[in-house]
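Topology and contacts: notes
So you can see what is in the structure, the chains are spelled out below.
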Amino acid sequence: MESTTIQYRWTPGGREMVTLTTHQHDGELAVFLIGARVNKLWRPDGWLPAFAAMGPMLRELYRDPASGFLGARTLVGGRGVTVVQYWRSVEDVYRYANDDGHAHRPAWVAFYRRAKRVPGAVGVWHETFRVPDGGHETLYVDMPQFGLARATGVVPAARRGRTARERIASRAA
């Protein structure tokens, strides 16, 4: 990795360095959000399998770079979980989701069978976003690799621009 962008900020203790980075990815990408929400706490037989199914799918995806999967971050809160996934394209998301040879399709069929036996115990959802080349920018200040940068690599923010407006404009060029 080339040197990062360094800026300084003044604090009561004096001047301290600030490291500014951005993600490395160029081109289109897809952001896929998927989650589950516990609706009936007293029916773990209905919701626990839905939560447990995500781990094997993510492990499978991380082992298969050709799938188009770039990386993910899991967020847990309240009564559910959300997984933010980054993909090379929406087509890669759909290809994986509909392939009988991967973990997703059998897990989805099993979910529907279980939902008939324990209706309403768990809610599941997903949202898919196609982000065109030039339609994404990021900034990480004093952060380890996180989010899209963790999925695709990190570069100095100055390579893309000093402000969010400059970084998004540099991607559209």
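Predicted model, so just to flag it, every value in this text is computed and none were measured. Residue positions are given per chain, counting from 1 as you read along its sequence in written order. Given that the model is predicted, a residue must reach a pLDDT of at least 70 before its local features are reported, and side-chain atom pairs must reach 80 or more before they are shown or counted; all residues, however, enter totals for whole chains, interfaces and linings. As a rule here, side-chain values cover all heavy atoms of the structure and leave hydrogens and water aside.

Right, let's get into the overall build of the protein. In this description a helix means any DSSP run of H or I spanning at least four residues, a strand means any run of E spanning at least two, and both kinds are numbered starting from the N terminus. A tally of regular secondary structure across the protein gives 6 helices and 8 strands. Partly exposed describes any residue whose relative accessible area lies between the buried limit of under 20% and the exposed limit of over 50%, with all areas from a 1.4 Å probe on protein chains only and scaled to the type maximum. With 173 residues in all, the protein has 40% of them scored as buried. Residues are treated as being in contact if the distance between any of their heavy atoms lies within 4.5 Å. Of the contacts formed within the protein by residues at least 6 apart in sequence, a portion of 70% connects residues at least 24 apart. To measure how exposed things are, a 1.4 Å probe is used in the Shrake-Rupley method; for residues, cover is taken only from the protein chains shown. For the protein, the computed accessible surface area is about 10,200 Å², with 56% contributed by carbon and sulfur atoms.

Another point: the sheet that holds strand S6 (residues 122-131). Across the sheet, which stays open at both edges, the 4 strands sit in the order S4-S5-S3-S6 with antiparallel pairing between neighbours. Edge positions in the open sheet fall to strand S4 (69-77) and S6, since each of these has one partner strand only. Averaged over neighbouring strand pairs, the angle between their axes works out to 15 degrees when direction is ignored. Where helix H3 (residues 90-97) meets the sheet, it contacts strand S3 (29-38), strand S5 (80-87) and S6, and its direction lies at approximately 145 degrees from that of S6. We treat two strands as partners when DSSP finds at least two bridges between them. As a rule, the C-alpha atoms of each element are fitted with a line to give its axis, helices using only the stretch in contact, and angles between N-to-C directions run from 0 to 180 degrees.

Here, a salt bridge means any side-chain nitrogen of Lys or Arg that lies within 4 Å of a carboxyl oxygen of Asp or Glu. One pass over the structure, following the stated rule, counts 8 salt bridges. The salt bridge involving Arg43 is made with Asp45; its shortest N-O contact spans 2.6 Å. Judged by its relative accessible area of 28%, Arg43 falls in the partly exposed class. Among the ionic pairs, Arg95 bridges to Asp92, the shortest N-O distance being 2.4 Å. Of the two residues, Arg95 and Asp92 both sit in helix H3, 3 residues apart, roughly one turn of that helix.

Attention now goes to the side chain of His104. With respect to the helices and strands, His104 occurs in helix H4 (residues 104-117). Polar contact is the term for a pair of N or O atoms within 3.5 Å; when the atoms are in protein, one must be able to donate a hydrogen and the other to accept it, and sequence-neighboring residues count only if both atoms are side-chain atoms. Here the side chain of His104 touches Ala97 through a polar contact of 2.8 Å, landing on its backbone oxygen. Once you skip the residues sitting within four places of it in the chain, His104 turns out to touch Met57, Tyr96 and Ala97.

On to the side chain of His136, then. Positionally, His136 belongs in the loop between S6 and strand S7 (140-141). Given a relative accessible area of 7%, His136 falls into the buried group. Polar side-chain contacts of His136 include one of 3.0 Å to the side chain of His23. A polar contact of 2.9 Å, which involves the side chain of His136, links it to the backbone oxygen of Gly27.

Right, let's talk about the packing of aromatic side chains for a bit. Classification of ring pairs rests on two measures: the distance between centres of Phe, Tyr or Trp rings, Trp counted by its six-membered ring, which must be within 6.5 Å, and the angle between planes, read as stacked under 30 degrees, edge-to-face over 60 and tilted in between. Following the criterion strictly, the structure yields 7 aromatic pairs and no others. When the ring of Phe69 is compared with that of Trp87, the centres are 5.4 Å apart and the planes differ by 75 degrees; the resulting orientation is edge-to-face. Here the residue Phe69 occupies a position in strand S4, and Trp87 occupies one in strand S5, the gap between them amounting to 18 residues. Taking the relative accessible area as the measure of exposure, Phe69 reaches 6% and is therefore buried. Judged by relative accessible area, which is 1%, Trp87 ranks as buried. Ring centres of Trp87 and Tyr96 lie 6.0 Å apart, and the angle between their planes is 40 degrees; this geometry places the pair in the tilted category. In this structure, Trp87 and Tyr96 share a single accessibility class: buried. An aromatic cluster is defined as three or more aromatic residues linked by ring pairs; in this entry it consists of Tyr62, Phe69, Trp87 and Tyr96.

Here we take up the layout of surface pockets. Buriedness for pockets is judged along seven lines, at least five of which must meet protein on both sides within 12 Å for an open set on the 1 Å grid over protein atoms alone, while cavities are sets there where a 1.4 Å probe fits but cannot get out, and lining residues have an atom within 4 Å of a point. Grid points are joined across faces, edges and corners, and a volume is the space filled by probe spheres set on the points. In this structure, the largest pocket encloses a volume near 620 Å³. Lining the largest pocket are 32 residues, and of these Ile34, Met54, Met57, His104 and Trp108 lie nearest its centre. Among the secondary structure elements, those contributing two or more residues to the lining of the largest pocket are S3, helix H1 (44-52), helix H2 (54-62), S5, H3, H4 and S6.

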